[in-house]
Each structure stands twice: as C-alpha cells, then as structure tokens.
Amino acid sequence: MAKLFRAVIMGPPGSGKGTISERIAQSFGLARLSSGDFVRENIAANTDAGVLAKTYIERGLLVPDHVMTRLLLPRLEEMTRHSWLMDGFPRTLAQAKALNSTCDLDLVISLNIPYETLKERLSDRWIHPASGRVYNMGFNPPHVQGRDDISGEPLIQHDDDKPEALVARLRHYKDVAKPIIDLYKSKGILHTFSGTETDRIWPYINSLLSTKIPSTSQTDTQRIPMP
Ligand SMILES: Nc1ccn([C@@H]2O[C@H](COP(=O)(O)OP(=O)(O)OP(=O)(O)O)[C@@H](O)[C@H]2O)c(=O)n1
Ligand SMILES: Nc1nc2c(ncn2[C@@H]2O[C@H](COP(=O)(O)OP(=O)(O)O)[C@@H](O)[C@H]2O)c(=O)[nH]1
C-alpha cells in the first residue's frame, strides 16, 4: 500500500485553518478532519461524549482533554487506510501526546497571522452551523447575503468572534500552543507560515505539500462522514 500522509494544521482563531484545510483537501485529496465538526456532530447525535462536550461548549469553555481524545482517537484509528489533515486538534500538550501515541504525523502547518488581521477577519466571519461552512463578507461572501450557498439556511456569527472575546482567546492560544509547537519543532515536522493574506500564503503551502504528499494519496477527494 502507498505511504499515507498525516498532517495537522494549527493557528489562532481566524488564522485561516478552515479555509486552508479546505484548499488542501481539494488539491491533494486528503480527508479533512475538523475537531470542531466532530464535536458538533457528536452533540447532534447525542453520543455520551457529545452530551458531555455540550455542557462545556454552552459555557464557552474548551472541552477537557479526556473528552476530546475519547471523541477523536477512535475516529483516527478507523482511518488507517486514509491520508488526512486535522484542523483544531491537538489543542493542548496532553492532546498532542495522546495523538502521538496513536499515529506518527508527517507534517504540522502552523499559521502565524498578526492580531489586527485576525480581529478584522473574525468580526466579518459568518458560519453555517450545520455544515461548518465559513464565509467572510469581504473575502468569500455567500452568493445571497446571510444565507448558506448550498442549503440556503441562515448564517450566524459566534459570540466569541467578537473583538472583546478575541484578546482572551488569543492569549489562551499562545499559552497552550507554545509547548505543542516546541514539541513538533523538536520532531522536525513543523512548518510555519506568516502573513496577512491566505492567497499569498497558499502557494508556499501548496508547493511544500507537492513535495511531501505521495501522488497515490491524491485520489480520495471525499470528506469522510461520521459513521
Ligand atoms: N481540540 C478542541 C477542539 C474544539 N473544541 C471545542 O469545540 C468548539 C468548536 O471548535 P472549532 O470549530 O474548532 O471552533 P473555534 O474554537 O471557534 O475555532 P477557530 O476560531 O480557531 O476556528 C470550540 O470552541 C471548543 O469549545 C475543544 O474544546 N477542543
Ligand atoms: N479578508 C480575508 N479574510 C480571510 C482570509 N483568509 C481567510 N479569511 C476569512 O477569515 C475568517 C477566518 O478564517 P477561518 O478559515 O475560519 O480560520 P480558522 O479560525 O483558523 O479556521 C473566515 O471568515 C475566512 O473566510 C484572507 O486572506 N483575507
């Protein structure tokens, strides 16, 4: 079997993880895994871990490590035949260590985006909650204002995307991400991209991945649904 490829994308809220993951999934045929989507799907399906996760998210808290790992690791273990890119996990060093014991990552992309840029982007971010599709009124607006392109359902804004909440979220990100970034740096798999525009960062990510991803894994273009 061809060698599989496993990658993680990290960055503060609004750094473009979702946008870039989507492009990577489309260009390279990796399965795109979003931990936020997993959490939402588990909440919708009323699984034990979903019910537990909901009690934290409702209070604007991060879901504890043992719940996140219980949600995600079995899912990753099912993906033994797929190349994948994970967005939103690991979010703590404990999650990174748990992930380490499940699989060997090939590459970690870390996005380094100035605070002012994050603030502007998030104040303009609109989300289709059911699918996780993300829009930005300037960068990628929906075809019809306030409506999801595919379902036509209303778009919403997250309270924690407001500038007041952002400072605390960014501080938190910096504190928890630092040891994870150090860990991946020491493993020699960390690649950091800095800038203010996704379209200018993307060619560098694209050419890096072109050198790393075996062409045979560029065949599976599906986003893998939950069982
Ligand atoms: N490793 C993770 C991933 C997700 N979550 C929870 O799931 C929610 C949704 O995750 P996500 O879609 O990644 O959204 P954001 O936190 O808004 O991430 P970002 O702004 O970086 O896109 C988070 O707010 C958090 O409560 C978590 O606790 N731990
Ligand atoms: N103006 C602008 N908006 C962008 C750019 N890249 C992404 N966005 C938007 O910024 C917001 C945050 O991006 P997202 O991919 O959700 O980031 P994440 O929180 O790291 O997953 C979304 O509304 C995107 O549509 C960019 O280069 N310029």
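Residues numbered from 1 in each chain as written. Chains lettered and ligands numbered in written order. Predicted model: local features only at pLDDT ≥ 70, side-chain atom pairs only at ≥ 80, totals over all residues. Heavy atoms only, no water.

Remarks on the overall build of the protein chain
Within the protein chain, the regular secondary structure consists of 8 helices and 7 strands. Here the C-alpha radius of gyration of the protein chain, 17 Å, is about what a compact globule of 227 residues would show, namely 17 Å. Across the 227 residues that make up the protein chain, the buried fraction comes to 43%. Of all intrachain contacts in the protein chain linking residues separated by at least 6 positions in sequence, the fraction that spans at least 24 positions is 73%. Accessible surface, the protein chain as shown: approximately 11,900 Å² in total, 53% of it carbon and sulfur. The positive charge centre, built from 28 side chains, and the negative charge centre, built from 26, are 4 Å apart in the protein chain. (Helix = DSSP H or I, 4+ residues; strand = E, 2+ residues; numbered from the N terminus. Rg over C-alpha atoms; globule rule 2.2 N^0.38 Å. Buried < 20%, exposed > 50% of the residue type's maximum accessible area, 1.4 Å probe, protein only. Contact = heavy atoms within 4.5 Å. Areas by Shrake-Rupley, 256 points an atom, 1.4 Å probe, with all protein chains shown as cover. Lys, Arg positive; Asp, Glu negative; His and termini not counted. Charge placed at Lys NZ, Arg CZ, Asp CG, Glu CD.)

With respect to the site of ligand 1
In the neighbourhood of ligand 1, 15 residues make up the surrounding shell, with Lys 17, Val 63, Gly 88, Arg 91 and Arg 125 lying closest. In the environment of ligand 1, an oxygen atom lies 2.8 Å from a nitrogen or oxygen atom belonging to the side chain of Lys 17. For ligand 1, a nitrogen atom lies 3.3 Å from a polar atom in the side chain of Gln 95. In isolation ligand 1 has 570 Å² of accessible area, and contact with the protein removes 86% of it. With 3 residues, the single largest contributor to the shell around ligand 1 is helix α2 (residues 35-44). When the residues that make up the shell around ligand 1 are grouped by side-chain class, the tally is 6 nonpolar, 4 polar and 5 charged. (Near = heavy atom within 4 Å. Polar contact = N/O pair within 3.5 Å; in protein donor to acceptor, adjacent residues only side chain to side chain. Nonpolar A, V, L, I, M, F, W, Y, C, P; charged D, E, K, R; others polar.)

A few points about the site of ligand 2
Every one of the 17 residues lining ligand 2 counts as a neighbour, but Gly 14, Thr 19, Arg 125, Asn 140 and Thr 198 are closest to it. Take Gly 16: an N or O atom from its main chain is 3.0 Å from an oxygen atom of ligand 2. Alone, ligand 2 offers 580 Å² of accessible surface; in the complex the protein occludes 89% of this. Looking at the shell around ligand 2, the elements that each hand over two or more residues are α1 (17-28) and β6 (133-136). Tallied by class, the residues present in the shell around ligand 2 amount to 5 nonpolar, 8 polar and 4 charged.

Topic: the UniProt feature "binding site: AMP" (unreviewed entry) in the protein chain
Feature annotation in UniProt assigns "binding site: AMP" (unreviewed entry) to the following positions: Ser 35, Arg 40, Leu 61, Leu 62, Val 63, Gly 88, Phe 89, Pro 90, Arg 91, Gln 95 and Arg 169. For Ser 35, the position within the fold is in helix α2. In this view, Ser 35 contacts Met 68, Leu 72, Met 86, Asp 87, Gly 88 and Phe 89; residues no more than four positions away in its chain are not counted. For Gln 95, the location among the structural elements is in helix α5 (residues 93-102). Taking the relative accessible area as the measure of exposure, Gln 95 reaches 3% and is therefore buried. In contact with Gln 95, not counting residues within four places along its chain, are Val 63, Asp 65, Met 68, Phe 89 and Pro 90. (UniProt positions renumbered as here; feature names shortened; annotations may be inferred.)

Here's the deal with the sheet that holds strand β4 (residues 107-112)
Taken in spatial order, the 5 strands of this open sheet run β2-β3-β1-β4-β7, and their pairing is parallel. Lying at the two open borders of the sheet, with one neighbouring strand each, are β2 (31-34) and β7 (190-194). On average, adjacent strands in this sheet sit at an angle of 20° to one another, irrespective of strand direction. Where β2 lies against strand β3 (residues 84-87), 4 bridges are found, and the strand directions are parallel. Its bridge partner lying in β3, Arg 32 is registered against Leu 85. Against the sheet, α2 makes contact with β2 and β3, and its axis sits at roughly 65° relative to β2, the strand it touches most. Each of β1 (6-10), β4 and β7 touches helix α7 (residues 163-186); the most contacted strand, β1, lies at about 150° to it. (Pairing = 2+ DSSP bridges. Axes fitted to C-alpha atoms, helices over the stretch in contact; angles between N-to-C directions.)

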